[in-house]
Amino acid sequence: MALTVEEALTLKAFRDAKLISGEKGLKNEITWVNILEILDDLEHLQKGEFLITTAYGLEEKDAIYLEKIVKTLSSKQLSAIAIQTGYYVKNIPQRLKELSKNEGLPLIELPHHASFSDITKAILERLTPKESDLFEFSEKINRELTDVLLKQIGIQGIARTLYKLTRHPVRIFNSWYQPIAWAGTEPSPFTVEREFLHLKKKKVWETLNHVSKPVEVPGLPDKKLPDQLIIPIRSRGEIHGYISMLKNETEFGQKDVFALNHASSLCALELTKKQNRLKSKIKLINNFIERTIDGNISKEYLKQNTDFFGFSDVKKCCCLVIEVENKQDFDKLYRITTLVELTLKSKNKKVLCGVYKDKIVCIISVEKSNMEKILNLVTHTKEELMKYFSHLHIDFGLGDCYSDLSQLYKSYHEAIKVLNFNKKNKGAKKLYYKNLGIFRLLMEIDANILNDFYKDTLLPIIQYDKTHSMNLAKTLEVFLATNNLKKTADVLFLHRHTVRYRLNKIKKLTGLDPFNQEDQKTLYIALLISDFVHKTSDVD
């Protein structure tokens, strides 16, 4: 049964509503009702939908953003948009009224006391009168989820409400598919891990990130996880998480889809608020990390901030630095930072993560100087990142632990040295500063001094190899490792006399005797310097 916007405004549910602009579109036909808390993810709206919103954050938007919203709604051929004032919007922006008028898109102002469930029920009853059961459920889900919002029960309250209304177990995940709330069943970390890998393998993960409606997903092959309905939680075009409803003895129906759609909108609002608070906290952490690393801190500042961040009882800590390619992409760097913090805190509650000089910097508390435990934790964190960002090159550097936060800059610079070492030595995967061995010493020596030492020792051998197509450098490397003519010959598939001839040639070129114990030390250090300084480029 067709219902126009003009006819809808005569319904009792709209008695205190006002048509603000867009009179030319009053004859638009309504096909369905859609509710969004935030006007962000508009690409999935359908022709003829009557959009109801609280327009969270709308008053902060500029004229360009408002024009984009109206153009999108008009291109989607929505029947009308109704904005509730009094919660998040005090007054509908004048520019929005002008744009709606120009596009012929009816703009309706709903009063503070207007009930979304009453409006939805009134419209849907006129569209499909026979489905009164669905309308009653729609009213109930709207009423109870709105109650969750007003009582500020949060994400866990949404999960419990969904489970109570549908009797299907519910799980709510963050954007990394880690459970943050549930009702009816407690997620097993092992099962969730297998489930996530299963979703990626079946390409369902990609599908979920491009839809806004619930998707039915087959369970795991061993039946330990039943079929489920999953809907992404979107806000401003960004995925904040997922809601999963598990199948039990009852099949999924239209009510379940309806409930998930409404819950997703409410979760988007809650998680957006949480993300905004988190971003504010990260700004404070970034400032603290910057001043700590720069050494620009007083005892008073240190005490005040360690108390604020819960680090006052930390005896020792170390610094982890993570470098990500395409680091100019701040949103991606922010997302990776949140995942790093979540992963580290799963095993160690005393962690601060922020961004400093386009790198992720983490301050990690160390209990009883147990760096082995920290190394295992960092390795686990690296593995977690690879699950989501296997297409990116991400490198880790970990400095040593120190007993005073004012000395943390030392750990930071040690971590940076690990990153620099891995850059210079492509393929190297060093993680912990103390595991750099003798290279820790080489990194402290001026590059010009190392370069001069290299020229005086190994360079003549390298140049001879290039000119005569020989391999004296490799012969020297193997001989110093074995200190045995026969073993060297066996490794290089050469005759012993050939090896001896090459070693004598090295003595003539450098004045250093490979058979002399003192000269062996010099030649060995020269090889190390070659690996360290000249791994990717030659010295003239």
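Residue positions are counted from 1 within each chain, in the order its sequence is given. Thresholds applied to this predicted model are a pLDDT of at least 70 for local features of residues and 80 or more for the giving and counting of side-chain atom pairs; totals over whole chains, interfaces and linings are not thresholded and use all residues. Water and hydrogen atoms were dropped before computing side-chain values, which therefore reflect all heavy atoms in the structure.

Draft legend 1. Fine view of the overall build of the protein chain. Going along the chain from the N terminus, every DSSP run of H or I of four or more residues is numbered as a helix, and every run of E of two or more is numbered as a strand. A tally of helices and strands in the protein chain yields 20 helices and 14 strands. Every radius of gyration here is taken over C-alpha atoms, with the globule rule written as 2.2 Å times N^0.38, N being the number of residues. Here the C-alpha radius of gyration of the protein chain, 32 Å, is well above what a compact globule of 540 residues would show, namely 24 Å. When each of the 540 residues of the protein chain is scored for burial, the buried share is 52%. Residue contacts follow a heavy-atom distance rule, with two residues in contact if any of their heavy atoms lie within 4.5 Å. A separation threshold of at least 6 residues defines the contact pool for the protein chain, and within that pool the share at least 24 residues apart is 66%. Surface exposure of the protein chain reaches about 27,100 Å², of which carbon and sulfur atoms provide 49%. The protein chain carries 82 positive and 69 negative side-chain charges, and their two centres are separated by 4 Å. Throughout this description, buried means an accessible area under 20% of the type-specific maximum (1.4 Å probe, protein chains only), exposed means over 50%, and partly exposed covers the range between. Shrake-Rupley sampling with a 1.4 Å probe provides the accessible areas, and residues are treated as covered by the protein chains on show and by no other component. His residues and chain termini do not enter the charge count, which takes Lys and Arg as positive and Asp and Glu as negative. Lysine's charge is taken at NZ, arginine's at CZ, aspartate's at CG and glutamate's at CD.

Draft legend 2. Layout of the sheet that holds strand E10 (residues 238–246). The rule for pairing is simple: two strands pair if DSSP sees at least two bridges between them. In space, the five strands of this open sheet follow the order E7-E6-E10-E9-E8, with antiparallel pairing throughout. Each edge of the open sheet is held by one strand with a lone partner, namely strand E7 (179–183) and strand E8 (215–217). Within this sheet the neighbouring strands show an average axis-to-axis angle of 25 degrees, counted without direction. Bridge count between strand E9 (residues 228–235) and E10: eight bridges; the pairing is antiparallel. Axis geometry follows a simple rule: fit a line to the C-alpha atoms, using only the stretch in contact for helices, then measure angles between N-to-C directions, giving values from 0 to 180 degrees.

Draft legend 3. Quick peek at the side chain of Glu323. Relative to the helices and strands, Glu323 resides in strand E11 (residues 317–324). Of the residues examined, Glu323 reaches a relative accessible area of 11% and is grouped as buried. Each polar contact in these results corresponds to two N or O atoms within 3.5 Å; when the atoms are within protein, one needs to be able to donate a hydrogen and the other to accept it, and residues that are neighboring in sequence are counted only if both atoms are side-chain atoms. One polar contact links Glu323 to Lys423, side chain to side chain, over a distance of 3.2 Å.

Draft legend 4. Summary view of the environment of Ile92. Position of Ile92 relative to the elements: it lies in the loop between strand E4 (80–84) and helix H3 (94–103). According to the relative accessible area criterion, Ile92 is buried, its value standing at 7%. In sequence terms Ile92 and Ile20 are 72 residues apart; their C-alpha atoms lie 9.0 Å from each other. Ignoring any residue separated from it by four or fewer positions in sequence, one finds Ile92 in contact with Ile20, Ile83, Thr85, Lys97, Leu107 and Glu109.

Draft legend 5. Representation of the sheet that holds strand E12 (residues 351–356) within the structure. One open sheet accounts for four strands, arranged E12-E13-E11-E14; its pairing is antiparallel. Of all the strands in the sheet, just E12 and strand E14 (394–398) have a single pairing partner and so form its edges. Across the sheet, the mean angle from the axis of one strand to that of its neighbour is 20 degrees, orientation sign disregarded. With five bridges connecting them, E11 and E14 associate as antiparallel partners. By the bridge assignment, Val324 is partnered in E14 with Ile394. Lying on the sheet, helix H9 (residues 254–294) is in contact with E12 and strand E13 (359–365); it crosses E12 at an angle near 80 degrees. Its contacts with the sheet place helix H13 (residues 408–424) against E11, E12, E13 and E14, and it is angled at close to 35 degrees to E11.

Draft legend 6. View of the pattern of salt bridges. Any carboxyl oxygen of Asp or Glu that lies within 4 Å of a side-chain nitrogen of Lys or Arg is treated as forming a salt bridge with it. Tallying each qualifying case throughout the model produces 20 salt bridges. The residue Lys387 makes a salt bridge to Glu384 at a minimum N-O spacing of 2.5 Å. Placement of the pair is Lys387 and Glu384 together in helix H12 (residues 371–388), with a separation of three residues, close to one helical turn. In terms of burial, Lys387 and Glu384 fall into one category: buried.

Draft legend 7. Focus on the packing of helix H17 (residues 472–482) against helix H18 (residues 485–492). Interaxial distance between H17 and H18 falls to 9 Å at its minimum, and their mutual angle equals 130 degrees. Relative to H18, the element H17 lies oblique. The two elements H17 and H18 cross, and the hand of that crossing is right-handed. On H18, the residues touching Lys474, Thr475, Val478, Phe479 and Thr482 of H17 are Leu485, Lys487, Thr488, Val491 and Leu492. Oblique is the label for any angle not under 35 degrees, not over 145, and not in the 65 to 115 range, which are roughly parallel, roughly antiparallel and roughly perpendicular in turn. Crossings are assigned a handedness: left-handed for a near helix turned anticlockwise from the far helix by less than a right angle, right-handed for a clockwise turn.

Draft legend 8. Representation of the packing of aromatic side chains. Paired rings are identified among Phe, Tyr and Trp, the last through its six-membered ring, by centres lying within 6.5 Å, and are further divided according to the angle between planes into stacked (under 30 degrees), edge-to-face (over 60) and tilted (the rest). Enumeration over the complete set of coordinates arrives at 18 aromatic pairs. Centroid distance Trp176 to Tyr388: 5.1 Å. Interplanar angle 75 degrees. Geometry classified as edge-to-face. Of this pair, Trp176 sits in the loop between strand E6 (170–174) and E7 while Tyr388 sits in helix H12, placing them 212 residues apart in sequence. Given the relative accessible area of 15%, Tyr388 is considered buried. For the ring pair Trp205 and Tyr242, a centre distance of 5.0 Å and an interplane angle of 45 degrees mean the geometry is tilted. One end of the pair, Trp205, is in helix H8 (residues 204–208); the other, Tyr242, is in strand E10, with 37 residues separating them in the sequence. Overall, the relative accessible area of 1% leaves Tyr242 in the buried class. Put simply, the rings of Phe173, Trp176, Tyr177, Phe196, Trp205, Tyr242, Tyr388 and Phe389 pair up and form one aromatic cluster. Counting as a charge over the ring demands two things of the Lys NZ or Arg CZ atom: a distance within 6 Å of the ring centre and an angle within 35 degrees of the ring normal. We note Lys61 situated over the ring of Tyr65; from NZ or CZ to the ring centre the distance is 4.8 Å. Taking NZ or CZ as reference, Arg291 lies 3.9 Å from the ring centre of Tyr301, over its face.

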